[in-house]
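Structure assessment
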Amino acid sequence: MAKVAIMGFGTVGSGVYEIIKDNASRVAENAGEALETKYILDIRDFDDHPDKHLFTKDVNDIINDSEVSIVAEVMGGLHPAYEFTKSMLMAGKSVVTSNKELVATYGTELLGIAEEKNVNYLFEASVGGGIPVLRPLSRCLAANNITRIAGILNGTTNYILYEMFTNNKSFNDALADAQANGYAERNPAADIEGHDACRKIAILASLASGVEVDAERISTEGIVDITLDDVKCAEAAGGVIKLIGYADIADGKVYSHVAPMFIKNDNMLSGINGVFNGILITGDAVGDVMFYGAGAGKLPTASAVVADMVDSAIHSSRRKLIGWKKPETDIMDDGAEKSFRYLIRCKNTEQEIMALTNTGIVYNENGTVAFTTEAMTAKECTTLSDKLGKVESAIRILD
Ligand code: HSE
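Residues numbered from 1 in each chain as written. Predicted model: local features only at pLDDT ≥ 70, side-chain atom pairs only at ≥ 80, totals over all residues. Heavy atoms only, no water.

What follows concerns the packing of helix 1 (residues 11–22) against helix 12 (residues 298–314). The N-to-C vectors of helix 1 and helix 12 enclose an angle of 60°; their axes lie 8 Å apart at closest approach. With respect to each other, helix 1 and helix 12 are oriented oblique. Handedness of the helix 1/helix 12 crossing: right-handed. Note on element contacts: helix 12 touches helix 1 through Lys298, Leu299, Thr301, Ala302, Ser303, Val305, Val306 and Met309, opposite Thr11, Val12, Ser14, Gly15, Val16, Glu18, Ile19 and Ile20. For the contact of helix 1 with helix 12, the per-class residue count stands at 9 nonpolar, 5 polar and 2 charged. (Axes fitted to C-alpha atoms, helices over the stretch in contact; angles between N-to-C directions. Helix = DSSP H or I, 4+ residues; strand = E, 2+ residues; numbered from the N terminus. Parallel < 35°, antiparallel > 145°, perpendicular 65-115°, else oblique. Left-handed = near helix turned anticlockwise from the far one by under 90°. Contact = heavy atoms within 4.5 Å. Nonpolar A, V, L, I, M, F, W, Y, C, P; charged D, E, K, R; others polar.)

As enumerated under the stated definition, the model contains 0 disulfides in all. Summary of cysteine pairing: Cys346 is not part of a disulfide, and the nearest cysteine sulfur, belonging to Cys233, is at 8.8 Å. Relative accessible area serves as the criterion here: at 0%, Cys346 is assigned to the buried category. Note on Cys381: no disulfide assigned, nearest cysteine sulfur contributed by Cys346 at a separation of 11 Å. The buried category is assigned to Cys381, whose relative accessible area is 5%. (Disulfide = S-S within 2.5 Å. Buried < 20%, exposed > 50% of the residue type's maximum accessible area, 1.4 Å probe, protein only.)

A word on the pairing of strand 13 (residues 342–346). Here strand 13 lies mainly inside the structure; 5 of its 5 residues are buried. Here strand 13 shows no split at all, with Tyr342, Ile344 and Cys346 on one side and Leu343 and Arg345 on the other all buried. Two strands pair when backbone bridges link them, and strand 13 and strand 15 (residues 368–372) are joined in this way by 4 bridges, in the antiparallel orientation. Across the sheet, the residue bridging to Arg345 is Ala370, located in strand 15. (Pairing = 2+ DSSP bridges.)

Written as structure tokens, this is what we have:
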């Protein structure tokens, strides 16, 4: 019997508690021993809970209890999740988490402590919620050099964009809907400004490259400037706009961005709708592999957290090798030489556009014109936009 603790009894924490209880025999069969929740840490009172005796407000109860071998950190945020996680690892307990902010910010340090203490620090639920993606990326694709990752990593923004495309809702109306449905983070800025997706692509790129990819250095744009005019132009160009966490890895360098990208309807990512996530990973041997499923939500996320607890129980005496190291040299490619095609929306005439670039016009209505460019760097795109003088948006195309 492995005694476990849950830190944080919010949406995901209560899901973890439920799965451990409701699927107890299946979990025991897979872990090789039963998992029993000994503590739930939360600052709130749960006096009416049937298992109210499990609740504590004092983290030291868990740290000092040598019987507890596995801890789920599902509190979210950086502090005190960082301090608590560190204390648990230092005390020789394995920690599993859904906290992408913590993993993207302090993952390298926490993985180092886990290695030193010969325990596990696992975080499958931090990217793609219930979708198995980190473990397949690390293990099942271990024979590949991963060359590219392109993912719809944030359900809230995917929901908003989907509503804009299918129901012609404005950005603000679609955001209000997402909030009413409980999809958006408490502070929706993390979703709509791209920070949540940035943390997730940083984790994916770190695992794919084997070295830490600094989330702070990933160029991050959200979807706040996408308008219904962009939607019309994208539809006319035969595709959709999705918020993409993008990374490519070549010659030991990692280039990464988070930005709205135009995706043709024949690309698999164009069909990831609503709050779902989809992650397209390219390996040099396997080619393209697609991961799809529920990227958020109580039970999907808890499903991945509990699976990590099961794995920690199985690997209690031998560490599960999943993670990355600090890079010895600067591995970040600033993208200055990276070329993408662009979908440009402007108020120029077709003649003005054709005078500057040999391209296909895809939309021309009521003075709004859209066209797609040849592949060019961001600087070249800015130069073209400056020359046109009436550009309203330039969206990279995912080819
Ligand atoms: N706010 C996040 C999303 C939750 O919308 O995807 C899951 O990380």
